[in-house]
Amino acid sequence: MTTDLLDLDPAGLLAASTEAERAARLAEVHKLEVLSAWASLHSTDPTQGPDGRRARQVGNVLRQVGGDGTPGVQDFSLGEIALARGAGVTATQHALADVLDLEHRLPLIWAVCRRGEAEVWVARRIAKLSRHLPLDRVGLVDSALSRMIATEGIRRILDVAAAKIIEADPALHDEACEAERRRRYTRMSRTDEYGLRTLFARIEAGDAVAVDATVTRVAEIIEPLHPEAHPDTLRAIAFGWLARPAELFTLLLEHTTSEHEHEHEPELDLDLDLGLDEPEEPDEPEKAEPVMARAFAFPADLLDALRVLDLTPLAPRAVLHVHLHEAALHGESGVARVEGLGAVTLTRLAELLARTRLKVQPVKDLSDRVRLTAYEHPESLRDQVHLVTGGDYWPWAGSTSRHVDLDHPTPYDHGDDERDPPPDQTGSHNSGPLGRQHHRWKTHAGYQSRQCGEGRYVWLTPHGLGFLVDHTGTHRLHPEHARRILDAPPGVDVYVT
């Protein structure tokens, strides 16, 4: 550590940190630009010159390492530049593919990187994810991501990248999905010395949700039988019930109550395939398999009785939040975002919902301003705030989870022995989701924030860094401007232009 850094005060160190980060990004850009220049020197086709026959014989051909629309590079040139970098040939080839894609397919994103405003590795990740797209389709990804790569958290950037890549060519994505479907599997590890095995499965996302919901429900039912079990252990025990369908059916039937209906929530009921079809009689009785115990197989008389029953109350329940653009509702192509599952095409969304019983929640009018006197945030307000903000409102936060604390940006005044709390302190005008750590820092570590419009928040850190967080991401704000907003009189709406 240099003595110069030790001489800096907190504000100076924060400024030095900002500049060091920008310098590191620009250094990464320079490394990639050197690779690109090397490729440019070796972009002519060696098989077309006077030594073309020899080049073809020894394999020095022009290779296209990047996506559609990028120039080729001579195969023999890759080894020497890799040695100069002190890196492997594969890593060098990947880096070269990324920079060629950024320069020739994603120029808007690359321009942001060249200004030192975005993480280069994130841009490279987007280049890799979109490499399969044709040149005439990848522009949609470039346009959308270039507007947010410098201002949003990394997780949100990559989530939007996944959605835009699907939107750019839904048919191509569906083909890729079908190819991956053919690679579904279940596998089991060997039994360990403790008599335990691990089960792996790669299955449809909807089926995974159904299995998880069933395991959750069974764990709730059997919890009194295992009071000392850790929650993970309890779920493992519940998972074992899936191997005994008759016992599972009995358990669910005996615990089907109105309390499990959850009528107050929108639900996605994913039907369990209980295998209720009666097995065919074998052609040769002497070759019939041994009769299984009632815990594992349904006897014929029970099957006949079950066929006339409505078994939908036993289906596992899950809540899915699906976000659609209005255009998709009018028949145009589009991409849906399913919270917890990610971006899917409308075709895949239809398949996901095809075998379910749906309860649709009415669309919320996000322009409604809700004001309450109590400190607590009701669920209706929590849902509205999440839909407006999209997740954690800490600067550059990446989380879009609903499992967060709901914070009062302007701290709640609880009153005292002589006066009641002022009214209208809780509502859409003074609410923001924060992860637990961010909430703790904001409450106890000297951070200040204030809401200045729907989904817009101004921050001031303990040592005077100002930020504006809104639907376009995080933007640096002059500390004096942030201070004026924070110090505005209570009850006065303040706005940032």
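Residues numbered from 1 in each chain as written. Predicted model: local features only at pLDDT ≥ 70, side-chain atom pairs only at ≥ 80, totals over all residues. Heavy atoms only, no water.

Colleague: Whenever I open this one, the overall build of the chain confuses me. Can you help?
Modeller: Tallying secondary structure elements over the chain gives 19 helices and 18 strands in all. For the chain, with 497 residues in total, the buried portion stands at 36%. Here the contacts in the chain between residues at least 6 apart in sequence split such that 61% fall between residues at least 24 apart. As displayed, the chain has an accessible area near 29,500 Å², and 54% of this comes from carbon and sulfur atoms. (Helix = DSSP H or I, 4+ residues; strand = E, 2+ residues; numbered from the N terminus. Buried < 20%, exposed > 50% of the residue type's maximum accessible area, 1.4 Å probe, protein only. Contact = heavy atoms within 4.5 Å. Areas by Shrake-Rupley, 256 points an atom, 1.4 Å probe, with all protein chains shown as cover.)

Colleague: Help me understand the packing of helix α8 (residues 135-146) against helix α9 (residues 154-168), please; the structure alone is not making it clear to me.
Modeller: Packed helices, taken two at a time, are described by their axes: the angle between them and the distance between them. Running from amino to carboxyl end, α8 crosses α9 at an angle of 155°, the nearest separation of the two axes being 8 Å. Between α8 and α9, the crossing angle belongs to the class labelled roughly antiparallel. Seen from above, α8 lies across α9 with right-handed handedness. Facing α8, whose interface residues are Arg137, Leu140, Val141, Ala144 and Leu145, α9 presents Ile157, Val160, Ala161, Lys164, Ile165, Glu167 and Ala168. Looking at the contact of α8 with α9, its residues break down into nine nonpolar, no polar and three charged. (Axes fitted to C-alpha atoms, helices over the stretch in contact; angles between N-to-C directions. Parallel < 35°, antiparallel > 145°, perpendicular 65-115°, else oblique. Left-handed = near helix turned anticlockwise from the far one by under 90°. Nonpolar A, V, L, I, M, F, W, Y, C, P; charged D, E, K, R; others polar.)

Colleague: Where do I start with the environment of alanine 482 in this structure?
Modeller: Among the secondary structure elements, alanine 482 is positioned in helix α19 (residues 479-486). A C-alpha to C-alpha distance of 6.5 Å links alanine 482 and leucine 460, two positions 22 residues apart in sequence. For alanine 482, the contacting residues outside a window of four places in its chain are Val458, Trp459, Leu460, Gly466 and Leu477.

Colleague: Would you mind showing me how to read unusual backbone geometry here?
Modeller: Working note: non-glycine residues mostly have negative phi, and peptide bonds are mostly trans. Positive phi is not limited to glycine here, since tryptophan 396 has a value of about 60°. Topologically, tryptophan 396 is positioned in the loop between α17 (379-389) and β12 (405-407). By relative accessible area, which is 33% here, tryptophan 396 ends up partly exposed.

Colleague: Whenever I open this one, the packing of aromatic side chains confuses me. Can you help?
Modeller: The geometry of an aromatic ring pair is captured by the separation of the ring centres together with the interplanar angle, meaning the angle of the planes. Counting across every chain of the model gives six aromatic pairs. Ring centres of tryptophan 394 and tryptophan 459 lie 5.1 Å apart, and the angle between their planes is 65°; this geometry places the pair in the edge-to-face category. One end of the pair, tryptophan 394, is in the loop between α17 and β12; the other, tryptophan 459, is in strand β16 (residues 457-460), with 65 residues separating them in the sequence. Each member of the pair tryptophan 394 and tryptophan 459 is classed as buried. Here tryptophan 396 and phenylalanine 467 contribute two aromatic rings whose centre-to-centre distance is 5.5 Å and whose plane-to-plane angle is 75°, an arrangement assigned as edge-to-face. (Phe/Tyr/Trp six-rings, centres within 6.5 Å; stacked < 30°, edge-to-face > 60°.)

Colleague: When you look at helix α7 (residues 120-129) in this model, what are you seeing that I'm missing?
Modeller: For the α-helix, the turn length of 3.6 residues means that residues three or four positions removed from each other point alike. Within α7, the full set of buried residues consists of Val120, Val122, Ala123, Ile126 and Ala127. Each buried residue of α7 lies within a common arc of 160° when the element is viewed along its axis, so the set occupies one face. Looking at the buried residues of α7, the elements they touch are α2 (10-41), α5 (89-104), α6 (107-114), α8 and α9. (Arc of directions from axis to C-beta.)

Colleague: What's the story with α19 in this structure? I'm lost.
Modeller: The complete set of buried residues in α19 reads Ala482, Ile485 and Leu486. The arc enclosing the buried residues of α19, seen along the axis, measures out at 95°, which places them on a common side. Looking at α19, the residues exposed on the side facing more than 90 degrees away from the buried face are Glu480 and Arg484. Its buried side turned inward, α19 meets β15 (448-451), β16, β17 (466-470) and β18 (473-477).

Colleague: I'm lost on the sheet that holds strand β9 (residues 342-345) in this one. Help?
Modeller: In a beta sheet, neighbouring strands pair by backbone hydrogen bonds and run either parallel or antiparallel. Judged by pairing direction, the sheet is antiparallel, and its three strands sit side by side in the order β7-β8-β9 without closing on themselves. Only two strands of the sheet have a single partner each, and these edge strands are β7 (322-323) and β9. Note that strand β8 (residues 335-338) and β9 share four bridges and pair antiparallel. Counterpart to arginine 337 in the pairing with β9 is alanine 343. (Pairing = 2+ DSSP bridges.)

Colleague: So what exactly am I meant to see when it comes to the sheet that holds β17 here?
Modeller: Reading across from one edge, β15-β16-β17-β18 is the order of the four strands in this open sheet, with antiparallel pairing throughout. Because the sheet does not close on itself, it has two edges, and the strands there are β15 and β18. If you compare each strand with its neighbour and ignore which way they point, the axes differ by 20° on average. Summarising the sheet, β15 and β16 pair through four bridges and their orientation is antiparallel. Bridge pairing in β16 places serine 449 opposite tryptophan 459.

Colleague: Help me out: how do you make sense of the pattern of salt bridges in this one?
Modeller: Tallied over the full model, the rule gives 28 salt bridges. For arginine 137, the salt bridge goes to aspartate 169, with nearest N and O atoms at 3.4 Å. Residue arginine 137 is located in helix α8, and its partner aspartate 169 is located in the loop between α9 and α10 (170-181); the two are separated by 32 residues in the primary sequence. The class of arginine 137 is partly exposed, set by a relative accessible area of 35%. Of the charged contacts in the structure, one is a salt bridge between glutamate 204 and arginine 181, with a shortest N-O distance of 2.6 Å. Remark: arginine 181 occurs in helix α10 and glutamate 204 occurs in the loop between β4 (199-202) and α11 (205-222); sequence separation between them is 23 residues. In this structure glutamate 204 comes out as partly exposed when scored by relative accessible area, which is 24%. (Salt bridge = Lys/Arg side-chain N within 4 Å of Asp/Glu carboxyl O.)

Colleague: Even after reading the chapter, I still don't get the side chain of glutamine 74, so can you show me in this structure?
Modeller: Mapped onto the elements of the fold, glutamine 74 is located in strand β2 (residues 73-74). Using a relative accessible area of 13% as the deciding quantity, one classes glutamine 74 as buried.

Colleague: Any chance you could explain a nonpolar patch on the surface here in plain terms?
Modeller: A surface patch of nonpolar side chains, amounting to about 230 Å² of accessible area, comprises Leu5, Leu8 and Leu13. Considering the arrangement of structural elements, one finds leucine 5 in helix α1 (residues 3-6). (Patch = residues over 30% accessible without salt bridge, like charges linked within 9 Å, V, L, I, M, F, W, Y side chains within 5 Å.)

Colleague: What is the right way to look at the nonpolar core in this model?
Modeller: Side chains of a nonpolar character, in soluble globular proteins, are inclined to be buried together. The biggest cluster of nonpolar side chains holds 36 residues, and the ones touching the most others in it are Leu96, Ile109, Ile126, Leu145 and Ile149. The set of elements that each furnish at least two residues to this core consists of α2, α4 (77-85), α5, α6, α7, α8 and α9. A per-element tally of this core places α5 first, with six residues. Non-local contacts of isoleucine 126, meaning those with residues more than four positions away in its chain, are made with Leu106, Ile109, Val141, Leu145, Ile149, Ile157, Leu158 and Ala161. Judged by nonpolar contacts, the second largest core, of 11 residues, contains Val218, Ile221, Ile222 and Leu251. (Core = buried A, V, L, I, M, F, W, Y, C linked by side-chain atoms within 4.5 Å.)

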